[in-house]
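# Per-entry structural report
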Amino acid sequence: MSIDSQSILDSAVAEITDATSAEQVAEISRSYLGKKSELVEARKGLGALDPQERAEAGKQLNEVKTQIEAAVASRTAELKDSEFALQLESERMDLTEVIDRPIVGSAHIVTQAWQELEDTFIGMGFTVAEGPEVETDWHNFDALNIPPSHPARDGFDTIYVDHGGDESTTLLRTHTSPVQIRSMLTSEPPIYIVAPGRVFRRDTADATHMPVFHQIEGLVIDKGISMADLAGTIEAFTTSYFGEGFSSRLRPNHFPFTEPSAEFDIQMPDGKWLELGGCGMVHPNVLRAGGIDPEEWSGFAFGFGIDRLALMKFGITDLRELFTNDVRFLKQF
Ligand code: DAH
């Protein structure tokens, strides 16, 4: 035979194996099996051979052709598969959702202090009472033994509400003490309540004053309540809220709604005293205004500011920082 069909097959298979695309394989296939290929030329020369050789050579050429065709088919299929895989990979959509950590807010520091105070008093057996921020002057003053002529009224720098009528009868409560009256009028003794809330005074904002601030009021009415119960309650509150190492003392003072009245101070572990609030035995006139017989019942009351506690706890020196509501400042706490 005039051609080496084995080497044609070997080189065809080598080229097909090296091909990197289906088009390239098709081109190789044309060059080995097409009209101008060596194999076709060789087939033309078969006629010149004698019948015995011709049959043998023809069979060989057919075999080479079949094997090249098989190599072309399998490599083409292989390349098409990987091209398809590449296409899939390149067209794939990334459906992964990127979720940033959600922004979690926190309670304002005044709210934190307010809630901790409520928790402390609830733990001591008190319940929480509420009253309106817009009050009558009777609840805010008269019923608390502060008649219209009383000098204490001036001391409160009251903000009155003008709703077209007699404006001196309605005001923004200057303290949480009117909740004492509302509690006595709406519930039967014994009464053990605390009343945290917002209060208002005609004040210019500075480092230690705000026209709107927060107080918590306490009221206990029961049989045989004495000044000793008041002192014991303030002391129990002090260690429960501030912790071990803190203690309290009462100093004589005057409030129209209590008799006797006292100021209470907290001693910190470093020995320093902090004035916290006022307290005393509920004045008989106040009990009577609340519909309670002073011959049968007695009680004590106390009240203090919440904002100062929040300042102290976090070492903040300017009260205004609490209400500017700059989130960058607030989220530190
Ligand atoms: N209401 C008073 C104030 O705003 C605080 C106070 C003093 C409340 C004595 C009381 C009390 O209940 O007994 O300054």
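It should be emphasised that the depicted structure is a prediction, and the values quoted were computed from it without experimental measurement.

With that settled, consider the pattern of salt bridges. Any two side chains of opposite charge can pair, given that their charged atoms come close. One pass over the structure, following the stated rule, counts 16 salt bridges. With a closest N to O distance of 3.7 Å, K65 and E69 form a salt bridge. Of this pair, K65 and E69 both sit in helix 4 (residues 51–91), separated by four residues, roughly a single helical turn. In this structure, D318 engages R320 in a salt bridge whose closest nitrogen and oxygen atoms are separated by 2.8 Å. You can call R320 partly exposed: its relative accessible area is 35%. Among the charged side chains, a network of salt bridges with common partners joins R249, R251, D265 and E275.

Another point: helix 9 (residues 227–241). Since the α-helix packs 3.6 residues into each turn, any two residues three or four apart lie on the same face. Taking 1.5 Å per residue, 15 residues should reach 21 Å; helix 9 reaches 21 Å between its end C-alpha atoms and fits that length. Among all positions in helix 9, only L230, T233, I234, F237, T238 and Y241 are buried. Axial view of helix 9: buried residues confined to an arc of 135°, hence all on one face. Buried residues along helix 9 sit against helix 5 (109–123), strand 6 (247–255), strand 7 (258–267), strand 8 (273–282), strand 9 (298–305) and helix 11 (307–314). Positioned one or two residues after helix 9, G243 has a phi angle of 115°, which is positive.

Under the definition given, this model contains 17 aromatic pairs. Taking the centre distance of 5.5 Å and the plane angle of 20° together, the rings of F237 and Y241 count as stacked. Taken together, the positions of F237 and Y241, both in helix 9 and four residues apart, correspond to about one turn of that helix. Judged by relative accessible area, Y241 falls into the buried class, the value being 15%.

Here we take up the domain arrangement of the protein. You can read the domains of the protein as domain 1 (5–91) and domain 2 (109–330). The gap between the C-alpha centroids of domain 1 and domain 2 is 101 Å.

When you line up the elements, L9 lands in helix 1 (residues 5–18). In sequence terms L9 and V64 are 55 residues apart; their C-alpha atoms lie 5.9 Å from each other. Apart from residues no more than four positions distant in its own chain, L9 is found in contact with V64, Q67 and I68.

Within soluble globular proteins, side chains that are nonpolar generally end up buried alongside one another. Within the largest apolar cluster, 36 residues are counted, with the highest numbers of intra-cluster contacts made by L276, F302 and F304. Among the secondary structure elements, those contributing two or more residues to this core are helix 5, strand 5 (212–222), helix 9, strand 7, strand 8, strand 9, helix 11 and helix 13 (327–330). No other element matches the five residues that helix 5 contributes to this core. Among all residues touching L276, those that are not within four sequence positions of it are F237, F242, F264, D265, I266, F304, G305 and L309.

On to the packing of helix 2 (residues 22–33) against helix 4. Following both chains from N to C, one finds helix 2 and helix 4 inclined at 170°, their axes separated by 9 Å at the closest point. As the angle between them shows, helix 2 and helix 4 are arranged roughly antiparallel. Packed against helix 2, whose contacting residues are A22, V25, S29, Y32 and L33, the element helix 4 presents K65, I68, E69, V72, R75, T76, L79, K80 and E83 at the interface. For the contact of helix 2 with helix 4, a count of residues per class yields seven nonpolar, two polar and five charged.

The subject of this paragraph is the site of the ligand. What surrounds the ligand is a group of 15 residues, the closest being H175, S177, R201, Q215 and E217. Contacts to the ligand include Q180, whose side-chain N or O atom sits 3.2 Å from an oxygen atom. In this structure, E217 approaches the ligand through a side-chain N or O atom, which is 2.6 Å from an oxygen atom. Relative to its unbound accessible area of 350 Å², the ligand is 91% covered by the protein chains.

Thresholds, definitions, all that
Residues numbered from 1 in each chain as written. Predicted model: local features only at pLDDT ≥ 70, side-chain atom pairs only at ≥ 80, totals over all residues. Heavy atoms only, no water. Salt bridge = Lys/Arg side-chain N within 4 Å of Asp/Glu carboxyl O. Helix = DSSP H or I, 4+ residues; strand = E, 2+ residues; numbered from the N terminus. Buried < 20%, exposed > 50% of the residue type's maximum accessible area, 1.4 Å probe, protein only. Expected span 1.5 Å × (residues − 1). Arc of directions from axis to C-beta. Contact = heavy atoms within 4.5 Å. Phe/Tyr/Trp six-rings, centres within 6.5 Å; stacked < 30°, edge-to-face > 60°. Domains from an automatic or database assignment. Core = buried A, V, L, I, M, F, W, Y, C linked by side-chain atoms within 4.5 Å. Axes fitted to C-alpha atoms, helices over the stretch in contact; angles between N-to-C directions. Parallel < 35°, antiparallel > 145°, perpendicular 65-115°, else oblique. Nonpolar A, V, L, I, M, F, W, Y, C, P; charged D, E, K, R; others polar. Near = heavy atom within 4 Å. Polar contact = N/O pair within 3.5 Å; in protein donor to acceptor, adjacent residues only side chain to side chain. Areas by Shrake-Rupley, 256 points an atom, 1.4 Å probe, with all protein chains shown as cover.

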